[in-house]
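Structure assessment
What follows is each chain in one-letter form.
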Amino acid sequence: LGSTACVGFAVLRLGPDVDRSGDAVAIAHMRCRATVSTDCWLQAGSMYLVVPLSLHEGRLPVPVVFACVSRRLVVVSRRGLSRSAAKSAWVAYARAGAKGDAKDFHGGKLHLARASGGAIVGLAENR
């Protein structure tokens, strides 16, 4: 991969329609490090989607290792990611990363998530 990729992730709660994800229950802010992590509590009986997010140059995929610690049984499976799910993850990341500090901008909202690695993810919403 060359230099370290800037990576983070979003954990999204899935709704009844598995292809539509909701708000982020947790995010790991992007960092240019070998490891990024966050702690979160997941509710029993719910489904979640962990979406790795990366900003790097090149066509090589960024290898990802996922770890989950629980006293209860957790079922983890690998699945493909639709464009709408990827978009939902980036939107959730920008909203959560802005920490509720959205700016009013010409009748819309501007969310800016900043990371210690220098990455900025922006979301403009026209509501």
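The following refers to the structure shown. Here the structure is a predicted model, which is why all the values come from computation and not from measurement.

Regarding the pattern of salt bridges
- One pass over the full model with this rule turns up two salt bridges.
- With a closest N to O distance of 2.2 Å, Arg95 and Glu125 form a salt bridge. With Arg95 in helix H1 (residues 83–97) and Glu125 in strand S6 (residues 120–125), this residue pair connects regions lying 30 residues apart in the sequence.
- What makes Arg95 partly exposed here is its relative accessible area of 29%.
- Here Lys109 makes a salt bridge to Asp104, at a shortest N to O gap of 2.8 Å.
- With a relative accessible area of 35%, Lys109 lands in the partly exposed category.

Details of the sheet that holds strand S4 (residues 103–105)
- If you trace the three strands from one edge of the open sheet to the other, you get S4-S5-S6, paired in antiparallel fashion. If you trace the sheet from one side to the other, it starts and ends with S4 and S6, each paired once. Averaged over all pairs of adjacent strands, the angle between their axes in this sheet comes to 30°, without regard to strand direction.
- Of the pairings in the sheet, the one linking strand S5 (residues 108–114) to S6 comprises six bridges and is antiparallel in character. By the bridge assignment for S6, Leu112 is matched with Gly122.

Here we look at the nonpolar core
- Grouped together as the largest cluster of nonpolar side chains are 20 residues, with contacts concentrated most on Leu12, Met30, Val51, Leu53 and Tyr93.
- Where this core is concerned, the elements lending two or more residues are strand S1 (6–14), strand S2 (21–31), strand S3 (48–55), H1 and S6.
- In this structure Leu53 touches Cys6, Val7, Gly8, Phe9, Ala10, Met30, Ala89, Trp90 and Tyr93, once residues within four positions along its chain are discounted.
- Ranked by size, the runner-up nonpolar core spans seven residues in total, among them Val7, Ala26, Val36 and Tyr48.

So, how was this worked out
- Residues numbered from 1 in each chain as written.
- Predicted model: local features only at pLDDT ≥ 70, side-chain atom pairs only at ≥ 80, totals over all residues.
- Heavy atoms only, no water.
- Salt bridge = Lys/Arg side-chain N within 4 Å of Asp/Glu carboxyl O.
- Helix = DSSP H or I, 4+ residues; strand = E, 2+ residues; numbered from the N terminus.
- Buried < 20%, exposed > 50% of the residue type's maximum accessible area, 1.4 Å probe, protein only.
- Pairing = 2+ DSSP bridges.
- Axes fitted to C-alpha atoms, helices over the stretch in contact; angles between N-to-C directions.
- Core = buried A, V, L, I, M, F, W, Y, C linked by side-chain atoms within 4.5 Å.
- Contact = heavy atoms within 4.5 Å.

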